[in-house]
Amino acid sequence: MIMNQADIAPARFSAVLGAADASARAIPPAFPLDATVAVNPFLGQTEEDLATAAARLGRVAGVRITRKGADYAAAIAEGKITEDDLAEALAASTSPLKPASVTALTELAAKVGHGPAPRALPTVADLAAEATGIDWPALIDRCIGLWAAGHFDRGQALWSPAPGAEAFAAWRAWAMHDLTPEIAGLEGFCAHVAAAPDTTERAILAAADALGITDAAAPTAFHRLAMSLGGWAQHARWLLWQAELKGGTDRTPLDLLAIRLIWDEALLAHAPSVAAAWARTVEAHAQPVVPSAQEIALAILQDAADRGHQRRLVAALEGNAAPAATRPFLQAAFCIDVRSEVFRRALESVDASVATIGFAGFFGLPLAHHAHGSDILEARLPVLLNPAVNTTSMGDPAKDQADRIAARGKRAWGRFRQAAVSSFAFVEAAGPVYAVKLVKSALGFTPKAKAEPAPEVVGGMSPQAKADTGAAVLKAMSLTKGHGEIVLLLGHGGNVTNNPHESAYHCGACGGYTGEVSARLLAILLNDPETRAGLPARGVEVPQDTLFVAGLHDTTTDAITIYEDGLPAARSGDLAKVRGWLAQAAKIARAERALRMPGASGESIPARAQNWAEIRPEWGLAGCAAFIAAPREATAGRDLGGRAFLHSYDWQADEGFGTLELIITAPVVVASWISLQYYGSSVAPEMFGGGNKLIHNVVGGIGVVEGNGGRLRAGLPWQAVHDGDGLQHEPLRLSVMIEAPREEMIRVLEKHPGVRALFDNGWLHLFALKDGKVDARYLPGLAWADQQPAKLAA
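Residues numbered from 1 in each chain as written. Predicted model: local features only at pLDDT ≥ 70, side-chain atom pairs only at ≥ 80, totals over all residues. Heavy atoms only, no water.

Caption draft 1: Main features of the overall build of the chain. Secondary structure assignment for the chain yields 31 helices and 19 strands. Against the compact-globule benchmark of 28 Å for 794 residues, the chain has a radius of gyration of 28 Å, which places it among compact chains. Every one of the 794 residues in the chain was classed for burial, and the buried ones make up 55%. The contacts in the chain between residues at least 6 apart in sequence include a share of 74% that link residues at least 24 apart. As presented, the chain carries roughly 32600 Å² of accessible surface, and 57% of it is formed by carbon and sulfur atoms. For the chain, the distance from the average site of its 70 positive side-chain charges to the average site of its 84 negative ones is 3 Å. (Helix = DSSP H or I, 4+ residues; strand = E, 2+ residues; numbered from the N terminus. Rg over C-alpha atoms; globule rule 2.2 N^0.38 Å. Buried < 20%, exposed > 50% of the residue type's maximum accessible area, 1.4 Å probe, protein only. Contact = heavy atoms within 4.5 Å. Areas by Shrake-Rupley, 256 points an atom, 1.4 Å probe, with all protein chains shown as cover. Lys, Arg positive; Asp, Glu negative; His and termini not counted. Charge placed at Lys NZ, Arg CZ, Asp CG, Glu CD.)

This is how it looks when you write it as structure tokens:
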């Protein structure tokens, strides 16, 4: 039946489509493989606490979002969680359902043990599968996955559908001719699709009515269907995210919901015997989402685990702060990425005249960059922001044009090798020729890519713009005075082979790209005489002999590449000294990192990066657990185990506390996304993890599937968090420690309710530091509780 919008009660129309839109926003975005960044998988649940989110995701996805009771019981037995941790977590809970005592909480952990994960409320497809013996959910995954792989393809497929069609219209055109469902036994499915409304909104309303989904049931019923689509729903959410970032919108999440509803509508007609069970499911969806006593207890145990780590972190920060150094010879600025913590410690141990600082890896430059020989515009900045500066590494225009032509020829040759007909002849004729190439690549004898020409701002910059930009960045870095003779600005990136998730090892602050473009551009800018001339008037004093140098930290091998973009030959001796220190530090860092990596040694790490079969070339950010914004003196000399994001910040130099606001609303949020992605991929890998690397197949340049089709897998592969024997990422919520006046941090949270919700609902913990020591813990409701460091460190 074709339905007119006028025939629908306005309240019904608003409720159903409002629930549909909310279900889209309850899904985290999944960024494509070419620029993957970590995303908080609980992005749609940050207005709820952990226990309530656990109840919701148990209902709609059938996953547990804490560790198992047995894991907490083991941590208690090992002393990682103490009785004080349990008592404090229990006291902090306001739920009337919480255990009556620490003893009861401990006993519950042991009792829950390895109990099964919650069961999601069934979809019609689930019920029909039980009634008919046909695995309809798997068939739906396969059919939708096959269509979506072509429709959303980003250049991988040789044959792509006509561009421009919206997802729902494109799927209807496909599904009306796809006989797979009918062959499987769903007779009349093509006709059912053809008879469905031809607009997304009307299709959602019609299917919701046919399925009897009430206004009260719609929010979690729709969320359930969206979660059943896995990574495809997350890709659709990314399309909406990108559109809204530019001030627009995108209907794709609603299109996918309409598609999934039509499938269930057809299955309910096909298997009417499940109608009663489905009606009970709708009634269950209509009930409020309320956590159970067990979910409350597991959330308290997770809080106790967080507090156990905080206790150990406070102990690591105890003792006298490192004395402020005299003017350093080398001042190395690293990204705040936890992997740099190990290298920074190593570098500072090499020579007393070395100091390090931490700052977001895009160095505050919101760049949209054209790489050499490329037409692709790369957004090299946090995904929360829009680019504001266009740059290019074109270099010599003739060489750039020649390289573009060569790249197109290479792509054409690649397509010829893979085409349906020519691929067979190619293998027969050219296979032996490729033997030498294959052997060289397998042995790691691959030529190192040449550095691109230095980046430059398209259209140039005026002297005033140069000085304004340079001063703003240096102030944000708390680097307005005391500069070293050499200031090394280091971006970072991974170095892996045969890894679809390569960009996940790069710089998240650079949008999933390597960080050398931002570092090189900033070094060139800060060495520019016009910039230097304008800095004093803007409150920044840089000594005349200070030289800014750009580099790239390879986080897989710990090698450092230095870019000599117009550097004076007279300073070559200074740079040679710096290179020697960096090589020593790299050796120390590799030796420390190798202790965590299965079968690795400090000497073997570089070779692992070139090994096609290596599933763990590095641990990425596994283990991340803290974010510390304070002067380096607060953390210098402390072994934080490569688990802390370290952001240099001097609140006394932050006039107006604009930098504090920037830290809390940008780097802290990005770090929370990273931390919670690792958390989600560890505790709920079946929903928020990328699956098994060994059977990955890349789909459309978007993501991966396991095997030859089905549901798109978003999140981190299992091998990125687990070493085969146990988790290498301890699932904890990030502890944020900031040395700044408490009232100023409260002011920032009052101004940004979305960020405040992360702390009020326990997705992040916030601590105030004073003189490098924990001074207060943030409490929900914009309050502080004084802390006794000695007790925390006990």
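Caption draft 2: Here's a closer look at the packing of aromatic side chains. Counting across every chain of the model gives 16 aromatic pairs. Ring plane angle 75 degrees and centroid distance 5.4 Å describe the contact between Phe-42 and Phe-688, whose orientation is recorded as edge-to-face. Separated by 646 residues along the polypeptide, Phe-42 in the loop between helix H1 (10-25) and helix H2 (50-61) and Phe-688 in helix H28 (residues 685-688) bring together distant segments of the chain. Exposure remark for Phe-42: the relative accessible area of 0% places this residue in the buried category. For Phe-688, a relative accessible area of 6% translates into the label buried. An aromatic cluster is present here, built from Phe-42, Tyr-679, Phe-688 and Trp-763 joined pairwise through their rings. Its end group placed over the ring of Phe-329, Lys-577 keeps NZ or CZ at 4.3 Å from the ring centre. (Phe/Tyr/Trp six-rings, centres within 6.5 Å; stacked < 30°, edge-to-face > 60°. Lys NZ or Arg CZ within 6 Å of the ring centre and 35° of its normal.)

Caption draft 3: Broad picture of the environment of Ala-125. Along the chain, the position of Ala-125 falls in helix H6 (residues 124-132). Judged by its relative accessible area of 0%, Ala-125 is buried. What Ala-125 contacts, discounting residues up to four positions off in sequence, is Trp-136, Pro-137, Ile-140, Arg-260, Asp-264 and Leu-267.

Caption draft 4: Region of interest: the environment of Ala-388. For Ala-388, the location among the structural elements is in the loop between strand S4 (377-380) and strand S5 (389-392). You can call Ala-388 exposed: its relative accessible area is 61%. Distance from Ala-388 to Gly-414, taken between C-alpha atoms, is 35 Å for residues 26 residues apart in sequence.

Caption draft 5: View of unusual backbone geometry. Its identity as a non-glycine residue notwithstanding, Ser-478 has a phi of 55 degrees, on the positive side. By the element assignment, Ser-478 lies in the loop between helix H21 (463-476) and strand S7 (486-493). Residue classification places Ser-478 among the partly exposed positions, given a relative accessible area of 24%. Positive phi is not limited to glycine here, since Asp-771 has a value of about 55 degrees. On the secondary structure map, Asp-771 appears in the loop between strand S17 (765-770) and strand S18 (773-779).

Caption draft 6: How the structure looks around helix H29 (residues 742-751). For H29, the complete set of buried residues consists of Glu-744, Met-745, Ile-746, Val-748 and Leu-749. In this structure, the buried residues of H29 make contact with helix H26 (658-665), strand S16 (735-739), helix H30 (753-760), S17, S18 and strand S19 (783-786).

Caption draft 7: Expanded view of the sheet that holds strand S3 (residues 367-370). Pairing is mixed across the open sheet formed by four strands, whose spatial order is S4-S3-S5-S6. Every other strand in the sheet has two partners, leaving S4 and strand S6 (456-457) as the edge strands with one partner each. Bridge count between S5 and S6: two bridges; the pairing is antiparallel. Considered in S6, the bridge of Thr-391 is made with Val-457. Strand contacts of helix H22 (residues 516-527): S3, S4, S5 and S6, with the helix running at about 105 degrees to S3, the strand carrying the most contacts. (Pairing = 2+ DSSP bridges. Axes fitted to C-alpha atoms, helices over the stretch in contact; angles between N-to-C directions.)

Caption draft 8: Focus on the environment of Val-289. Note on placement: Val-289 falls in the loop between helix H15 (275-285) and helix H16 (293-317). Under the relative-accessibility criterion, Val-289 is labelled buried at 18%. Once residues within four sequence positions are removed from consideration, Val-289 is found in contact with Thr-52, Ala-55, Arg-56, Arg-59 and Thr-220.

Caption draft 9: Main features of helix H8 (residues 167-175). When H8 is considered as a whole, its buried residues turn out to be Ala-167, Phe-168, Ala-170, Trp-171, Arg-172 and Ala-175. Where the residues of H8 are buried, they touch helix H7 (136-151), helix H10 (189-195), helix H11 (200-210) and helix H14 (252-270).

Caption draft 10: Here's a closer look at the sheet that holds S17. Read across the sheet, six strands follow the order S11-S10-S16-S17-S18-S19 without closing on themselves; strand pairing throughout is mixed. On the outer flanks of this sheet lie strand S11 (644-648) and S19, each paired with one strand and no other. Neighbour to neighbour, the strand axes of the sheet diverge by 25 degrees on average, direction disregarded. With four bridges joining them, S17 and S18 adopt antiparallel strand pairing.

Caption draft 11: Structural view of the packing of helix H17 (residues 339-350) against helix H24 (residues 572-594). Two numbers describe how H17 lies on H24: the axes approach to 8 Å, and their chain directions differ by 130 degrees. Accordingly, the angle class assigned to the pair H17 and H24 is oblique. For the pair H17 and H24, the sense of crossing is right-handed. In this structure, H17 contributes Val-342, Phe-343, Arg-345, Ala-346, Leu-347, Ser-349 and Val-350 to the contact, and H24 contributes Trp-581, Leu-582, Gln-584, Ala-585, Ala-586, Ile-588, Ala-589, Glu-592 and Arg-593. Per-class residue counts for the contact of H17 with H24 are 11 nonpolar, two polar and three charged. (Parallel < 35°, antiparallel > 145°, perpendicular 65-115°, else oblique. Left-handed = near helix turned anticlockwise from the far one by under 90°. Nonpolar A, V, L, I, M, F, W, Y, C, P; charged D, E, K, R; others polar.)

Caption draft 12: The pattern of salt bridges, seen in detail. Considering all chains together, one arrives at 44 salt bridges under this definition. A salt bridge links Arg-12 to Asp-215; the nearest nitrogen and oxygen atoms lie 2.6 Å apart. Here Arg-12, found in helix H1, pairs with Asp-215, found in the loop between H11 and helix H12 (218-228); they are 203 residues apart in sequence, far enough to count as distant. Here Asp-215 falls in the partly exposed class, since its relative accessible area comes to 37%. Among the charged side chains, a salt-bridge network with shared partners connects Glu-341, Arg-345, Glu-592 and Asp-639. (Salt bridge = Lys/Arg side-chain N within 4 Å of Asp/Glu carboxyl O.)

Caption draft 13: Up close: the pairing of S19. Note: S18 against S19, four bridges, orientation antiparallel. Bridge pairing in S19 links Ala-776 to Asp-786. Here S18 folds back onto S19 in antiparallel fashion, the turn holding three residues, of which Gly-781 has a positive phi close to 100 degrees.

Caption draft 14: Focus on the state of the cysteines. Taken as a whole, this structure holds zero disulfides when the rule is applied. Among the cysteines around Cys-143, which has no disulfide bond, Cys-190 carries the closest sulfur, lying 10.0 Å off. With no disulfide partner, Cys-510 has as its closest neighbouring cysteine sulfur the one in Cys-507, 3.3 Å distant. (Disulfide = S-S within 2.5 Å.)

Caption draft 15: Just the pairing of strand S9 (residues 560-563), in detail. Two strands pair when backbone bridges link them, and strand S8 (residues 547-554) and S9 are joined in this way by four bridges, in the antiparallel orientation. By the bridge assignment for S9, Leu-552 is matched with Thr-561. Linking two consecutive strands that pair antiparallel, namely S8 and S9, is a turn of five residues; a positive phi of about 65 degrees is found at Asp-558 within it.

Caption draft 16: Quick look at the side chain of Arg-593. In this structure, Arg-593 sits in helix H24. In terms of polar contacts, Arg-593 uses its side chain to reach the backbone carbonyl oxygen of Thr-556, at 3.2 Å. Each residue touching Arg-593, except ones within four places of it in the same chain, is listed here: Val-342, Thr-555, Thr-556, Thr-557, Asp-558, Ile-605, Pro-617 and Glu-618. (Polar contact = N/O pair within 3.5 Å; in protein donor to acceptor, adjacent residues only side chain to side chain.)

Caption draft 17: Representation of the side chain of Asp-760 within the structure. With respect to the helices, strands and loops of the structure, Asp-760 is situated in helix H30. Only 2.7 Å separates the side chain of Asp-760 from the side chain of Arg-756, close enough to count as a polar contact. Once you skip the residues sitting within four places of it in the chain, Asp-760 turns out to touch Tyr-778, Leu-779, Pro-780, Gly-781 and Leu-782.

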